[in-house]
Amino acid sequence: PSAFRGDVLNTAARPGRATVGPVMASTKELRERVDSVKNTKKITSAMRLVAAAKVRRAQDAVLKTRPFSETLQKVLGGLIERLKKDSFDSPLLNERPVNKVLLVAMTGDRGLCGGYNTYAIKKAEARAMELKAQGIDFDMVTIGSKGTQYFSKRYNVVKSYAIGNAPTAEEATAIADNILATYLSGEADRVELTYTRFTSLIASEPSVRTMLPLSPTGIESEGDEIFTMTSKDGKFAVDATIAEPAAPEDFPKDMIFEQDPEQILSAILPLYFNGQLLRQMQESVASELAARMTAMQAASDNASDLMKSLTLQLNRKRQAAITQEIAEIVAGANS
């Protein structure tokens, strides 16, 4: 039986008698149960602290990639402003009739994180049902072992990847290259991503985002929200900082580009897509780790409550045994 459910009672029937109801656990059983719950609490507390350390590493990784992302966004914004007057044509920016969608579902690799994976899978499946209802064909790419296990039995999963605890630029590039190749070859007319948006340590929001084709206005106006985990009075908390969108680079009108601006933009757009995918992977991992922290905190709190209840039962049992012994001694002395 689980250490976090009701009290274990010895319901074994006595020889020669029918079982009328549960029999109170013995003192030895209660002591063993208290020790078991105490050990479980140590494990869940340790897992919570490990998840907290990984959240800090995840936020450090996000902060390290910000300077490159900001510079890339500035250059992209400046090039788009420069080419607005021209009829710039890029396959990554052009809308086309949607006959087939590539749905990228992002989940975790492991469990013990509350309802994180369940909500992420439900969001992706709800989007798949919407596409079916609209008569739009779709293939799936899964990022995360839990999503792979679930969707590979139900839909056409063309590619699957692990997400890990610390996504790297190399991993994101490998996934992005495969997605870009599928989109540019015409095998998919739109790429949608379902991921979990990090909101706080106790809440996250499964979301759907169109990754391809890219929106020029989205590139120019996209801001950012930076989350930093802090600790105060022994409790973990998250500080959110809103980062304003990077202002487009102001290229002088007489600047001569060594290459045509359209070629530069065509080369930078895949880099921008890679960066966006890496950011969503990092955000999903942070959401998973925060959900694991919350789940382990709840498990530790339940273990504490159960320990109090079992200790109370143990003390009552010992008190009843002592009272019975005293009564027997008094009765023997009187006789």
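About the thresholds
- Residues numbered from 1 in each chain as written.
- Predicted model: local features only at pLDDT ≥ 70, side-chain atom pairs only at ≥ 80, totals over all residues.
- Heavy atoms only, no water.
- Phe/Tyr/Trp six-rings, centres within 6.5 Å; stacked < 30°, edge-to-face > 60°.
- Helix = DSSP H or I, 4+ residues; strand = E, 2+ residues; numbered from the N terminus.
- Buried < 20%, exposed > 50% of the residue type's maximum accessible area, 1.4 Å probe, protein only.
- Salt bridge = Lys/Arg side-chain N within 4 Å of Asp/Glu carboxyl O.
- pLDDT = per-residue confidence, 0-100.
- Contact = heavy atoms within 4.5 Å.
- Expected span 1.5 Å × (residues − 1).
- Arc of directions from axis to C-beta.
- Core = buried A, V, L, I, M, F, W, Y, C linked by side-chain atoms within 4.5 Å.
- Pairing = 2+ DSSP bridges.
- Right-handed = clockwise from strand over helix to strand, strands pointing away.

## Focus on the packing of aromatic side chains
With the rule as written, the count across this model stands at three aromatic pairs. Look at Phe138 and Tyr155: their rings are 5.7 Å apart centre to centre, the planes differ by 50°, and that puts the pair in the tilted class. Placement of the pair is Phe138 in strand S2 (residues 137–143) and Tyr155 in the loop between helix H3 (145–151) and strand S3 (157–161), with a sequence separation of 17 residues. Its relative accessible area of 12% is what places Tyr155 among the buried residues. With a centroid separation of 5.1 Å and an interplanar angle of 90°, the aromatic rings of Tyr150 and Phe151 are classed as edge-to-face.

## What to know about the environment of Ser26
Relative to the assigned elements, Ser26 resides in the segment before helix H1 (27–83). Linking Ser26 and Gln313, residues 287 residues apart in sequence, is a C-alpha distance of 10.0 Å.

## Observations concerning the pattern of salt bridges
For side chains of opposite charge, pairing can occur when their charged atoms come near one another. Within this structure, the stated rule accounts for nine salt bridges. In this structure, Asp137 engages Lys100 in a salt bridge whose closest nitrogen and oxygen atoms are separated by 4.0 Å. One end of the pair, Asp137, is in strand S2; the other, Lys100, is in strand S1 (residues 100–106), with 37 residues separating them in the sequence. Residue class for Lys100 comes out partly exposed when judged on its relative accessible area of 23%.

## Focus: the confidence of the model for the protein
Predicted confidence across the protein gives a mean pLDDT of 78, with 76% of residues reaching 70 or more. Predicted confidence for residues 1–23 stays below pLDDT 50, and this span has 31 contacts to residues more than four positions away or in other chains. Here residues 220–224 is modelled with pLDDT under 50, and outside its nearest four sequence neighbours on either side it reaches 20 contacts, counting other chains as well.

## Here's the deal with unusual backbone geometry
Cis geometry marks the peptide bond from Leu212 to Pro213; its omega dihedral reads 0°. Along the chain, Pro213 turns up in the loop between strand S5 (203–212) and helix H5 (216–221). For Leu112, which is not glycine, the phi dihedral falls at a positive 55°. As for its placement among the helices and strands, Leu112 is situated in the loop between S1 and helix H2 (116–133).

## Focus on helix H4 (residues 169–184)
Every α-helical turn comprises 3.6 residues, leaving residues that sit three or four positions apart pointing alike. With 16 residues, H4 should cover 22 Å at 1.5 Å per step; its first-to-last C-alpha distance of 21 Å lies within 8% of that length. Among the residues of H4, Ala172, Ile175, Ala176, Ile179, Leu180, Thr182 and Tyr183 are the ones counted as buried. Seen from one end, H4 has its buried residues packed into an arc of 160°, which puts them on one side. Just downstream of H4, Gly186 is the residue with a positive phi angle, here 90°.

## Overview of the nonpolar core
Ranked by internal contacts, the top residues of the largest apolar core, which has 40 residues, are Met106, Ile143, Ile179, Val191, Leu212 and Met281. Of all elements in the fold, only H1, S1, S2, H4, strand S4 (190–200), S5 and helix H6 (261–334) reach the threshold of two or more residues within this core. Counting residues per element, this core draws most heavily on H6, at 11 residues. Apart from residues no more than four positions distant in its own chain, Ile143 is found in contact with Val104, Ala105, Met106, Thr107, Tyr161, Ala162, Ile163, Ile175 and Met281. Among the nonpolar cores identified, the runner-up in size contains 12 residues, and Val101, Leu103, Ala105 and Tyr155 belong to it.

## A short note on the pairing of S3
Looking at chain direction, S2 and S3 are connected through four bridges and run parallel. Directly across from Thr142, in S3, lies its bridge partner Ser160. Read as a crossover between parallel neighbours, the route from S2 over H3 to S3 is right-handed.

## Some thoughts on the side chain of Thr196
Along the polypeptide, Thr196 turns up in strand S4. For Thr196, a relative accessible area of 2% puts it in the buried group. Once residues within four sequence positions are removed from consideration, Thr196 is found in contact with Tyr116, Ala120, Ser204, Glu205, Pro206, Glu283, Ser284 and Ser287.

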